[in-house]
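Examination of the molecular architecture
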Amino acid sequence: MSTFPEFLQSLSDDQLRLLIRTRPDAFFPAPPSAGSLATRLGLPGSASRALRQLTTADLAVLERLADAGAELDPVDARELGEVAHLRELALVYGPDEELRISPGTLTALPPGWRVTDSLPAGAAEALKALPARERKVLETLASSGGVGTTSAAGPDADPSAPVAKLLAAGLLVRVDANTVRLPRPVRDAMRGIQPREFPLEAPALPEVDQSAVDEAATSAGLDAVRQMRQLVMALMDHPVALNKDGTVGVRAAANLEKELGFDPRLLITIGEAAGLVGRGNVDDEDVLAATRDALTWIDATLSDQWAILLVGWAASPWRADTAAKLLSADMHAPAVRHARLTILRHAGRTDQLLFHAPLEASGFSPQLIQAVVDEAQFVGALAGTPQPAQSSPLLALLDGRDGEDVAAAAKELVPASVDTLIAQGDMTMLAPGPLEPDMASFLERIAELESPGLASVWRVTEASVRRGLDGGLTAEEVHAWLGRHVMGEVPQAIAFLIDDTARTHGAIRAGSALSYIRSADPALIATAAERCGLRVLAPTVAVSDQPLTKLMAQLRAAGMQPTAEDNTGATLNMAPEPALVAATPSALPRTPKATEEQVEAIVSKLRADSGSDADAGAGDIFETLRAAARAKRHVAVGFVDKQGRGRTLTVLPLSVSAGQVDALDEAADRVVRIALPRITKVVLA
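Structural notes, computed from the coordinates. From a predicted model like this one, the values you see are computed outputs, not experimental measurements.

What follows is about helix H16 (residues 336–345). Buried residues dominate H16, accounting for 8 of its 10 residues. For H16, every residue scored as buried is listed here: Val-336, Arg-337, Ala-339, Arg-340, Leu-341, Thr-342, Ile-343 and Leu-344. Directly after H16, the chain includes Ala-347, whose backbone phi takes a positive value near 55 degrees.

So, in structure tokens, the structure goes:
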């Protein structure tokens, strides 16, 4: 039987190319020899990444091989299941009749984790009624990896012993006459977790009407764009002050929600990840504000806006479904990006996740899966009923294509924008298609959105008209805008409502001024007022509703050279401050892939070094000890003691960790501890 390094040397060029593509992390930089490659493939991180590519059916076969002892000895696997995928990932090696599990494979599995375990009928009730002695046995096993050695495991053991009772109730599984195992579902039930059943066959996929899915996704995505635009515009006008720790306060978030009319929590996390909102200093205050990139986003097409929003959400490192303070460290969870993409690949279907990604999905709570599905439907990544499916832009994203491909997929779905409204006598106006941002912004000022979607319905009310007038519009401006954009004549009911509301609006004028300009030259005041939108109170004085720093920036941008002064007229040295903050966009996690040129270069290097030493060395000793501990196999250990003398002991390994092995020396009835660097050889007894 060949060793694992010898097996790697025997791979054909095509087999080696396939291994490089499926496990690229082990090939960069290019390994100098097959022995080095074997060591890398056996590292816990690399083996864990390979195991996450397995389905439940693959893991079930791996468990059968482990139960047959394939980690230490070759076994006949011809009746144990399909092993082709395990071979592609180099998790097993050898011919089917002499198959071995590769070093490091089982070590990378979570302790005591098996997909073939199931919760026995009545187990939940039995756990609640367990006596203290029997529960202590289960708790000890749960805290020590799930496997234990006992003399009460044999079929002829005392049936009244706690272990025998637990075996009879199905709460423990007999491995051999001296070993028992705590099944994963029982351990989960002890912790109050609903045990999951992993399907051994791929669940059937429902038929998907892609056009219907895309239509619903586009409607939802454009509504998310509308809300994001409102959020960005609100932050441009009034940045939100942050707490000292950089979080958004509860009161500030509530005020923003009241102003916008919707909960902005999720949108803020999406905007931060997409680079549209950010945290920074404006006017000597730490605030949540719009970014410079937000200006570009506002001017982009609707399809590009949607694509940027969708990619930003997928790349977001924030958990918006928690009760933590907004943008706090407790909300920041970069690992959620990987979980989000895995859930999206299977459209949030739990049965698909448990079959196609069992190791990852076992760590996903039902709450996390549902939160991802809800958020995906909000941004138009998933859509459809009763079971949501992936939209075309999301499929482009999951295929690993760049943002331009996602934008192209979105562009195919977003219909042409309209600039015409259909006004009706019941005070509603129908937008028969998506609205351009400028038109949508004006309409939001004078009407309430009643029915969102690709074709939206807006209702004109006294409160909405008053809101527009409060925002600086006049009745004449509203009438003129409606005249340009309403098909046919504006219904009299709407026109009368606007005039009636405006008649009593502004009879008494009140306002505020945050800054002013003054000059002995009236022409200069008139020019500044025209260029910067100031209000002239007298020929030599004008006022602004902008803070002084913003007014100074406006005047400089208009080509003037202002000087700031305090309330006594003394000159202030004031440098211009930016009104926007820097963007800090997040990136999507990407699995490294080898190019064809890299693949060929690695193959050539390994073939050139085919004569190199293929011995795995210390890594083989380490894995043999861990495998022997799992299988309860005795080994002969050669090592150098503290006096420098060579010794050999036949022991039963108990645990291998922290650079040492604890083993039972049955001849002396004691546990010995040997440092791994002192071990020179390990041979199965």
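Next comes the rest of the write-up.
This part takes up the pattern of salt bridges. Tallied over the full model, the rule gives 28 salt bridges. Between Arg-229 and Glu-444 there is a salt bridge; the shortest N-O distance is 3.1 Å. One end of the pair, Arg-229, is in helix H11 (residues 210–237); the other, Glu-444, is in helix H22 (residues 437–446), and 215 residues separate them in sequence. The class for Glu-444 is buried, based on a relative accessible area of 16%. Here Arg-349 ties to Asp-351 by a salt bridge, and the two come within 3.2 Å at their closest N and O atoms. For Arg-349, a relative accessible area of 17% puts it in the buried group. Through salt bridges with shared partners, a single ionic network connects Glu-63, Asp-67, Arg-114, Asp-117 and Arg-181.

With that settled, the discussion passes to the pairing of strand S22 (residues 660–665). One ladder, built from 5 bridges, connects strand S21 (residues 646–657) with S22; its direction is antiparallel. Opposite Leu-652, over in S22, you have Leu-664 as the bridge partner. As defined by bridge partners, S22 adjoins strand S23 (residues 670–675) across 6 bridges and the pair is classed as antiparallel. If you follow Leu-664 over to S23, its bridge partner there is Val-671. In this structure, the hairpin formed by S22 and S23 is closed by a connection of 4 residues, where Asp-669 is found at a positive phi of approximately 55 degrees.

Each value, and the rule that gives it
Residues numbered from 1 in each chain as written. Predicted model: local features only at pLDDT ≥ 70, side-chain atom pairs only at ≥ 80, totals over all residues. Heavy atoms only, no water. Buried < 20%, exposed > 50% of the residue type's maximum accessible area, 1.4 Å probe, protein only. Helix = DSSP H or I, 4+ residues; strand = E, 2+ residues; numbered from the N terminus. Salt bridge = Lys/Arg side-chain N within 4 Å of Asp/Glu carboxyl O. Pairing = 2+ DSSP bridges.

These values are about where atoms sit, not about what they do.
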